[in-house]
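Each chain, letter by letter, is given below.
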Amino acid sequence: MGLFSGLFNNYSEVSIQELQEKYGAYLTPNETIQTGFKLVRDAFVFTEERLILIDHQGVTGSKTRVVSIHLDAIYEVTMETAGTGFDDSEVTIHYITSPYHKSNNISVASYKFEFGKKFNAKPIYTTLMSIALANNKRLNG
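Reading guide: rules and limits
Residues numbered from 1 in each chain as written. Predicted model: local features only at pLDDT ≥ 70, side-chain atom pairs only at ≥ 80, totals over all residues. Heavy atoms only, no water. Phe/Tyr/Trp six-rings, centres within 6.5 Å; stacked < 30°, edge-to-face > 60°. Buried < 20%, exposed > 50% of the residue type's maximum accessible area, 1.4 Å probe, protein only. Salt bridge = Lys/Arg side-chain N within 4 Å of Asp/Glu carboxyl O. Helix = DSSP H or I, 4+ residues; strand = E, 2+ residues; numbered from the N terminus. Contact = heavy atoms within 4.5 Å. Polar contact = N/O pair within 3.5 Å; in protein donor to acceptor, adjacent residues only side chain to side chain. Pairing = 2+ DSSP bridges.

As recorded by an unreviewed UniProt entry, the protein carries the name PH domain-containing protein and is attributed to Cohnella rhizosphaerae.

What follows is the structure, given as structure tokens:
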């Protein structure tokens, strides 16, 4: 089932030890991995400060794109749970890409994660939503 999950863009949870071995080189000093998920070749990793997206590109996967989304930039989170049939669960984060979060002219982006039908995405949603609510209070307070 793991291979088929990957083919349908579904992430599965990975142990912190395995994430540390594979992606520890992308961490800053004193940064630690909290949790992470993997697709066939791609992954995303949560640290205490950011979300790291690892995108292996090309046929061999030797070219890698690494993107960091700072947790303090996330301002909205949406979730769609799996229905009947082949539906997947989705969690979408909306975040500020501008370096100054309190400016009048901010830039924003979004990123969607798809999880398999049996994966419980609610803990990820509630964790990210807690972060977004705290950020909204900080930014608008």
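The discussion continues.
A.B. asks: So what's going on with the packing of aromatic side chains? Which residues, and what values?
C.D. replies: Using the criterion set out here, one finds five aromatic pairs in the structure. Pairing Tyr 23 with Tyr 26 gives two aromatic rings, centres 6.5 Å apart and planes at 25°, and the pair type is stacked. Judged by its relative accessible area of 6%, Tyr 23 is buried. A residue is classified by how much of its surface remains accessible, and Tyr 26, at 32% relative accessible area, is partly exposed. Grouping aromatic residues by their ring pairs yields a cluster made of Phe 37, Phe 44, Phe 46, Tyr 111 and Phe 113.

A.B. asks: Lay out the pattern of salt bridges in plain terms, naming residues and giving numbers.
C.D. replies: Considering all chains together, one arrives at four salt bridges under this definition. Note that Lys 22 and Glu 18 form a salt bridge whose closest N and O atoms lie 3.4 Å from each other. Taken together, the residues span about one helical turn, with Lys 22 and Glu 18 both in helix H2 (residues 16-23) at a distance of four residues. Residues Arg 50 and Glu 31 are paired through a salt bridge, measuring 2.7 Å at the closest nitrogen-oxygen approach.

A.B. asks: How would you explain the environment of Asn 136 if you had to name every residue and give the values?
C.D. replies: By the element assignment, Asn 136 lies in helix H3 (residues 122-140). Taking relative accessible area as the criterion, Asn 136 reaches 24% and is therefore assigned partly exposed. Remark: the alpha-carbon pair of Asn 136 and Ala 25, spanning 111 residues in sequence, is separated by 32 Å. If we ignore the near neighbours within four places in the chain, the residues touching Asn 136 are Tyr 75 and Gly 141. At 3.1 Å, the side chain of Asn 136 and the backbone oxygen of Tyr 75 are in polar contact.

A.B. asks: Please give an account of the pairing of strand S2 (residues 33-38) that cites residues and values.
C.D. replies: Pairing of strand S1 (residues 12-13) with S2, which is carried by two bridges, proceeds in the antiparallel orientation. Note on S2: the bridge partner recorded for Ser 12 is Lys 38. Pairing of S2 with strand S3 (residues 43-47), which is carried by five bridges, proceeds in the antiparallel orientation. The residue of S3 that forms the bridge with Gly 36 is Val 45. Between S2 and S3, which pair antiparallel and follow one another directly, the connecting turn spans four residues.

A.B. asks: Account for unusual backbone geometry, with residues named and values stated.
C.D. replies: In the Ramachandran plot, Asn 30 falls in the positive-phi region, its phi being about 70° despite a non-glycine side chain. Mapping Asn 30 onto the fold places it in the loop between H2 and S2. Among the residues examined, Asn 30 registers a relative accessible area of 77% and is labelled exposed.

A.B. asks: How would you explain the pairing of strand S4 (residues 50-57) if you had to name every residue and give the values?
C.D. replies: Of all eight residues in S4, six are buried, a share of seventy percent or more. Judged from the four bridges that link them, S3 and S4 form a sheet pairing that is antiparallel. Counted as the bridge partner of Ala 43 is Ile 54 from S4. The hairpin turn running from S3 into S4, its antiparallel successor, is two residues long. Of the pairings in the sheet, the one linking S4 to strand S5 (residues 63-70) comprises eight bridges and is antiparallel in character.

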